[in-house]
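Structural overview for review
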Amino acid sequence: MSSKQRIGVLGCGVLGQFLIDNMLKEDSLEVIFLWDIDQARLKELSTKYPNILLLESLENLQQLGPDLIVEVAHPDVTRNYGFQILEICDYLMGSPSALADEQLYEKLSSATTQHSLYIPSGAFWGGEDIRKMADLKTLEKLKVTMTFHPASLKLVAGDVRDKNDKVTNERTILYDGPVRCVCKQAPNNVNTMAAAAIAGHNLGFDGVLGCLISDPNLDDRHIVEIEVWGKPDVSTGGQFHVRTVRSNPALFGQVTGTATLPAFFGSLLGARGKKPGIHLC
Ligand SMILES: NC(=O)c1ccc[n+]([C@@H]2O[C@H](COP(=O)([O-])OP(=O)(O)OC[C@H]3O[C@@H](n4cnc5c(N)ncnc54)[C@H](O)[C@@H]3O)[C@@H](O)[C@H]2O)c1
């Protein structure tokens, strides 16, 4: 790796531009290219970022010599390009809900022979502690409950969306079950649950539980509650338990809480220097 970490960014929306603006202030980082499916948006950004290459396609990425590519666009980007990116450089995957697709997960895992797949902890508080418990197989149960205003939920067609469409003034549970299924129905909202499934890898996407709640009274924040249980202690019979509640200020109707932006940037700064594999950062 050259002294500056050479970074490409896929997706130039709210999060992408926040990251670019902050990377440009860091001496150790160089933003070498940007790409977005919305080429009109990209053209508008040529004035804001005159010294960064704007790509029309993701062909020939290797020639650009990136050290790290950051996806902050859509889970489809990983489906379409994740494997080829990992053959070239490290990959920070901002939309890890895509990993609920078992075949994609296997394919990307098999691609991490030379480079690393980094999963940002984002709004997932305590991820490192939970990962350590998973490594030691002392993690018995993990549940992530996320509550949003109905207008902040960007859902794909299915049961969860149908229930959300019917919410009027009552707080409503849209989904309560394994994280794998909700990742497919609410891919933009539950990246934190996907990060939990990666951290709690002894339980994984089928064992980690996710609960998604729509609350019409919650118009200025999102709530993320994480509950962790350890294996019962053989000598005392007691059980380790931690519950955290993150109150994440958010603009009305937005998917991403404001505190998640700097948290994600912190993850980006941590996405380097690990041996090949999948890492939470
Ligand atoms: N892991 C986390 O903690 C975390 C936190 C916030 C956002 N996210 C995820 O990051 C992504 C971006 O979030 P945002 O708040 O910036 O959203 P945004 O809607 O503001 O921006 C998304 C950008 O990506 C582009 N885009 C959409 N689909 C694309 C595709 N298939 N290929 C290429 N570009 C595409 C859009 O044109 C837009 O410019 C979302 O998937 C979101 O779920 C993850």
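Because the structure is predicted, anything quoted here is derived from the model rather than measured. (Residues numbered from 1 in each chain as written. Predicted model: local features only at pLDDT ≥ 70, side-chain atom pairs only at ≥ 80, totals over all residues. Heavy atoms only, no water.)

Turning our attention to the UniProt feature "domain: Aspartate dehydrogenase" (unreviewed entry) in the protein chain. This chain's UniProt record puts "domain: Aspartate dehydrogenase" (unreviewed entry) on residues 169-260. Strand forms 35% of residues 169-260 and helix 23%; the C-alpha atoms that close the span are 27 Å apart. (UniProt positions renumbered as here; feature names shortened; annotations may be inferred. Helix = DSSP H or I, 4+ residues; strand = E, 2+ residues; numbered from the N terminus.)

The UniProt record annotates "domain: Aspartate/homoserine dehydrogenase NAD-binding" (unreviewed entry) at residues 11-116. Measuring from the first to the last C-alpha atom of residues 11-116 gives 20 Å, for a span that is 42% helix and 17% strand.

Quick look at the site of the ligand now. Around the ligand, a shell composed of 23 residues is seen, among which Leu 15, Asp 36, Arg 41, Gly 94 and Ser 95 lie nearest. Here a nitrogen atom of the ligand and a backbone polar atom of Gly 94 are 3.0 Å apart. Between the ligand and Asn 191, the relevant distance is 2.9 Å, taken from an oxygen atom to a side-chain nitrogen or oxygen of the residue. Out of a free accessible area of 850 Å², the ligand has 82% covered by protein chains. Within the residue set of the shell around the ligand, elements represented by two or more residues are helix H1 (14-23) and helix H10 (260-269). The residue makeup of the shell around the ligand, split by class, is 10 nonpolar, 10 polar and 3 charged. (Near = heavy atom within 4 Å. Polar contact = N/O pair within 3.5 Å; in protein donor to acceptor, adjacent residues only side chain to side chain. Areas by Shrake-Rupley, 256 points an atom, 1.4 Å probe, with all protein chains shown as cover. Nonpolar A, V, L, I, M, F, W, Y, C, P; charged D, E, K, R; others polar.)

Okay, the sheet that holds strand S11 (residues 241-249) next. Read from one edge to the other, the open sheet built from 5 strands follows the order S8-S9-S7-S10-S11, with strand pairing classed as mixed. With partners counted over all chains shown, the strands left at the sheet margins are strand S8 (172-178) and S11, one partner each. Across the sheet, the mean angle separating the axes of adjacent strands is 10° when strand polarity is ignored. The sheet contact formed by strand S10 (residues 221-230) and S11 spans 9 bridges and is antiparallel. Paired with Arg 221 across the two strands is Pro 249, which belongs to S11. Contacting strand S7 (139-148) and S10, helix H5 (residues 127-135) crosses the sheet at an angle of about 30° to S10. (Pairing = 2+ DSSP bridges. Axes fitted to C-alpha atoms, helices over the stretch in contact; angles between N-to-C directions. Contact = heavy atoms within 4.5 Å.)

When two helices pack together, you describe them by how their axes are tilted relative to each other and by the distance separating the axes. Their axes nearest at 8 Å, the elements helix H3 (residues 75-88) and helix H4 (residues 102-111) cross at an angle of 15°. Of the possible angle classes, the one that applies to H3 and H4 is roughly parallel. Considering how the two elements wind past one another, H3 and H4 form a crossing that is left-handed. Together, Thr 78, Arg 79, Gly 82, Phe 83 and Leu 86 of H3 and Leu 104, Lys 107, Leu 108, Ser 110 and Ala 111 of H4 make up the contact between the two elements. Class assignment of the residues belonging to the contact of H3 with H4 gives a composition of 5 nonpolar, 3 polar and 2 charged. (Parallel < 35°, antiparallel > 145°, perpendicular 65-115°, else oblique. Left-handed = near helix turned anticlockwise from the far one by under 90°.)

The next point concerns the sheet that holds strand S1 (residues 5-10). What the 7 strands build is an open sheet, ordered S3-S2-S1-S4-S5-S6-S12; its pairing is parallel. With partners counted over all chains shown, the strands left at the sheet margins are strand S3 (53-54) and strand S12 (277-280), one partner each. Looking at chain direction, strand S5 (residues 90-93) and strand S6 (residues 116-119) are connected through 2 bridges and run parallel. Bridge pairing in S6 places Tyr 91 opposite Leu 117.

Before going further, it helps to spend a moment on the nonpolar core. Within the largest apolar cluster, 58 residues are counted, with the highest numbers of intra-cluster contacts made by Phe 124, Leu 142, Phe 205 and Leu 212. Here this core takes 7 residues from helix H8 (residues 191-199), the largest share from any one element. Two domains share this core, each providing at least three of its residues, namely domain 1 (5-123 + 261-280) and domain 2 (127-255). With 25 residues, the next largest nonpolar core counts Leu 29, Tyr 118, Leu 261 and Phe 264 among its residues. (Core = buried A, V, L, I, M, F, W, Y, C linked by side-chain atoms within 4.5 Å. Buried < 20%, exposed > 50% of the residue type's maximum accessible area, 1.4 Å probe, protein only. Domains from an automatic or database assignment.)

What follows deals with the packing of aromatic side chains. Per the counting criterion, the structure on display carries 2 aromatic pairs. With a centroid separation of 6.4 Å and 75° between ring planes, the pair formed by Tyr 105 and Phe 205 is classed as edge-to-face. Taken together, the residues span a long stretch of sequence, with Tyr 105 in helix H4 and Phe 205 in helix H9 (residues 204-207) at a distance of 100 residues. Residue placement shows Lys 107 over the ring face of Phe 83; its charged tip is 5.3 Å from the ring centre. Just above the ring of Trp 229 sits the side chain of Lys 141; from NZ or CZ to the centre is 4.5 Å. (Phe/Tyr/Trp six-rings, centres within 6.5 Å; stacked < 30°, edge-to-face > 60°. Lys NZ or Arg CZ within 6 Å of the ring centre and 35° of its normal.)

Counted according to the given criterion, the structure contains 11 salt bridges. Residue Asp 76 is joined to Arg 79 by a salt bridge in which the shortest nitrogen-to-oxygen separation is 2.4 Å. Of this pair, Asp 76 and Arg 79 both sit in helix H3, separated by 3 residues, roughly a single helical turn. For Asp 76, a relative accessible area of 35% corresponds to the partly exposed category. Linking Asp 220 and Arg 221 is a salt bridge whose minimum nitrogen-to-oxygen distance equals 3.3 Å. Here Arg 221 falls in the partly exposed class, since its relative accessible area comes to 26%. (Salt bridge = Lys/Arg side-chain N within 4 Å of Asp/Glu carboxyl O.)

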